[in-house]
Amino acid sequence: MALAIFDLDETLIHGDCSSLWSEQMVRLGWVDGESFMQRDKELMDAYGRGHLAMEDYMAFSLEPLIGRTPAEIEHLVGPWVEDFIEPIIFSDATKTIAAHRKAGDRILVISASGTHLVKPIAERLGIDEVLAIELDVAHGVYSGNTVGTLTYREGKITRLLEWLDAEEENLEGASFYSDSRNDLPLLLKVDFPHVVNPDPVLLEQAEKSGWPIHLWK
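One numbering rule holds for all chains: residues counted from 1, following each sequence as written. Thresholds applied to this predicted model are a pLDDT of at least 70 for local features of residues and 80 or more for the giving and counting of side-chain atom pairs; totals over whole chains, interfaces and linings are not thresholded and use all residues. Values shown for side chains rest on all heavy atoms present in the structure; no hydrogens or waters enter the calculation.

An unreviewed UniProt entry lists the protein chain under the name HAD-IB family hydrolase, with Pseudomonas hamedanensis given as the organism.

In C-alpha cells:
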C-alpha cells in the first residue's frame with residue numbers, strides 16, 4: 001500500500017477554500033466586506049508569487065473566529081461546503097481519488113488552509129486523513145492563533161514526516177498532486193510527483209523534470 005497525497009486548493013477544487021470562506025464571513029456580517037476582501041486578495045496574490053508569510057495570512061483570516069466555539073464554526077462550515085465547495089470539486093480529482101482507492105493506496109490531503117475548512121471538505125471527498133493548519137482553542141473558543149508547524153512549503157514536509165513516524169508509514173512509492181510552486185519541496189521528495197493545472201513556475205519544473213502534467217476539470 002502506497003500513499004496518494006493531494007493538495008486541496010486549486011488541485012482538488014477549482015478555487016481556494018480560505019478565500020471562499022472569507023467571502024462567507026462577509027455574507028455572515030462578521031467582517032467589513034470591501035476592506036477584508038481587498039486584504040485577502042493582497043495576501044493571496046503574494047501566495048501565488050511564493051512570497052507569502054503564512055503566519056500573516058492566518059492571523060488575518062482567523063481574527064473573525066476569535067471567541068467563537070469550534071461547534072459554532074462546524075455548524076456553519078457544513079452547509080457552506082455543500083453550497084459553495086461541492087460545485088467546484090474537479091470531477092477528474094474524484095476519478096483519480098477513486099483509482100488510488102481501488103489500487104489500495106492510503107489517501108491523505110495535506111493543505112496550507114485551516115483544518116476547520118480542510119477536514120469537512122476532505123470528508124465530502126471520502127477522505128478521512130488530513131494534515132492542515134491547526135487552530136488553537138483556549139477556554140473552549142478559538143483564540144485566533146495556530147498550533148504547531150504550519151503545513152506550508154517546507155512545513156508540509158515537517159508535518160508529513162511527523163505523521164509518517166506516528167503512523168509507522170513511509171514515502172516508498174508515494175504520489176503527490178499539487179498545482180503550486182509552493183509545494184515544490186514536497187513534490188521533489190516523493191517518488192511520483194504529479195502537477196495539476198500548474199502555475200508557471202511549477203509547469204516549467206514539471207516540463208524540465210518530465211513529471212506528469214494534468215489539466216483537471
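Still more to cover.
Visitor: Describe the overall build of the protein chain, with residues and values.
Guide: Per the convention used, a helix needs a DSSP run of H or I reaching at least four residues, while a strand needs a run of E reaching at least two, with both numbered from the N terminus. Of the regular secondary structure elements, the protein chain holds 9 helices and 7 strands. Computed over C-alpha atoms, the radius of gyration of the protein chain comes to 17 Å, within 12% of the 17 Å expected from 2.2 N^0.38 for 217 residues, which places it in the range of a compact globule. When the backbone C-alpha atoms are referred to their principal axes, the protein chain occupies close to 45 × 35 × 30 Å. By the burial criterion, 52% of the 217 residues in the protein chain qualify as buried. Residue-level accessible areas treat just the shown protein chains as cover; the underlying method is Shrake-Rupley with a 1.4 Å probe. In the form shown here, the protein chain has an accessible surface area of approximately 10,200 Å², with 50% of it arising from carbon and sulfur atoms. His is not counted, nor are the chain ends, whereas Lys and Arg count as positive and Asp and Glu as negative. The atom standing in for a charge is NZ when the residue is Lys, CZ when it is Arg, CG when it is Asp and CD when it is Glu. Computing the positive centroid from 18 side-chain charges and the negative centroid from 38, the protein chain places the two 4 Å apart. Radius of gyration means the value over C-alpha atoms here, while the globule rule gives 2.2 Å times the residue count to the 0.38 power. For every residue, the accessible area (1.4 Å probe, protein chains only) is compared with the maximum for its type, and the residue is labelled buried under 20%, exposed over 50%, or partly exposed between those bounds.

Visitor: So what's going on with the side chain of Arg181? Which residues, and what values?
Guide: With respect to the element layout, Arg181 can be found in the loop between strand 5 (175–178) and helix 8 (184–187). By relative accessible area, Arg181 is classed as buried at 18%. Setting aside anything within four residues of it in sequence, one finds Arg181 in contact with Gly48, Arg49, Gly50, Asp199, Pro200, Val201 and Leu202. Residue contacts are defined here by distance: any two heavy atoms, one from each residue, within 4.5 Å place the two residues in contact.

Visitor: Break down helix 1 (residues 17–27) for me, citing the residues and quoting the values.
Guide: Judged by how many residues are buried, helix 1 sits mostly within the fold: 8 of 11 residues are covered. Taken together, the buried positions of helix 1 are Cys17, Ser18, Ser19, Leu20, Trp21, Ser22, Gln24 and Met25.

Visitor: Residues and numbers for the packing of helix 2 (residues 33–48) against helix 3 (residues 54–62), please.
Guide: Helix 3 packs onto helix 2 with a crossing angle of 160° between their chain directions and a minimal axis gap of 10 Å. It follows from the interaxial angle that helix 2 and helix 3 lie roughly antiparallel. Considering the relative orientation of helix 2 and helix 3, their crossing is left-handed. Taken together, the residues of helix 3 that come into contact with helix 2 (itself represented by Phe36, Arg39, Asp40, Leu43, Met44 and Tyr47) are Met54, Asp56, Tyr57, Phe60 and Ser61. A fitted line through C-alpha atoms represents every axis, and for helices the fit uses only the stretch in contact; the resulting angles, taken between N-to-C directions, go from 0 to 180 degrees. Convention used here: angles under 35 degrees read as roughly parallel, angles over 145 as roughly antiparallel, angles from 65 to 115 as roughly perpendicular, and any remaining angle as oblique. Left-handed describes a crossing in which the near helix is turned anticlockwise from the far one by less than a right angle; the clockwise case is right-handed.

Visitor: Run through the packing of aromatic side chains, naming residues and quoting values.
Guide: Whether two aromatic rings pair depends on their centres lying within 6.5 Å, for rings of Phe, Tyr and Trp, where Trp uses its six-membered ring; planes under 30 degrees apart make the pair stacked, over 60 edge-to-face, and the rest tilted. Counted by the stated rule, this structure contains 7 aromatic pairs. Cluster of aromatic residues (ring-pair linked, three or more members): Phe6, Tyr177 and Trp216. Charge over a ring is defined by NZ of Lys or CZ of Arg lying within 6 Å of the ring centre and within 35 degrees of the ring normal. Just above the ring of Phe84 sits the side chain of Arg27; from NZ or CZ to the centre is 4.1 Å. The cationic tip of Arg68 hangs over the ring face of Trp30; the distance from NZ or CZ to the ring centre is 3.6 Å.

Visitor: Give a detailed account of the environment of Ile127, specifying residues and quantitative values.
Guide: Topologically, Ile127 is positioned in the loop between helix 6 (115–124) and strand 3 (129–138). Assessed through its relative accessible area of 1%, Ile127 is described here as buried. Distance in space between the C-alpha atoms of Ile127 and Leu52 is 28 Å, their sequence separation being 75 residues. Not counting chain neighbours up to four residues away, the residues in contact with Ile127 comprise Ile97, Arg101, Ile107, Val109 and Ala122.

Visitor: Before we move on, could you go through the pattern of salt bridges and cite the residues and values that matter?
Guide: Each reported salt bridge corresponds to a side-chain nitrogen of Lys or Arg within 4 Å of a carboxyl oxygen of Asp or Glu. Taken as a whole and assessed by the stated rule, the structure comprises 12 salt bridges. Note that Glu72 is salt-bridged to Arg68, the shortest N-O span being 3.3 Å. Through salt bridges that share partners, Arg106, Glu129, Glu167 and Glu169 make up one connected network.

Visitor: Describe the sheet that holds strand 2 (residues 106–114), with residues and values.
Guide: Note: two strands are recorded as paired if DSSP finds a minimum of 2 bridges between them. Read from one edge of the open sheet, 7 strands run 4-3-2-1-5-6-7, paired in mixed fashion. Of all strands in the sheet, those bounded by a partner on one side alone are strand 4 (141–147) and strand 7 (213–214). Across 4 bridges, strand 2 lies against strand 3 in parallel orientation. Bridging across to strand 3, Leu108 finds its partner in Glu129.

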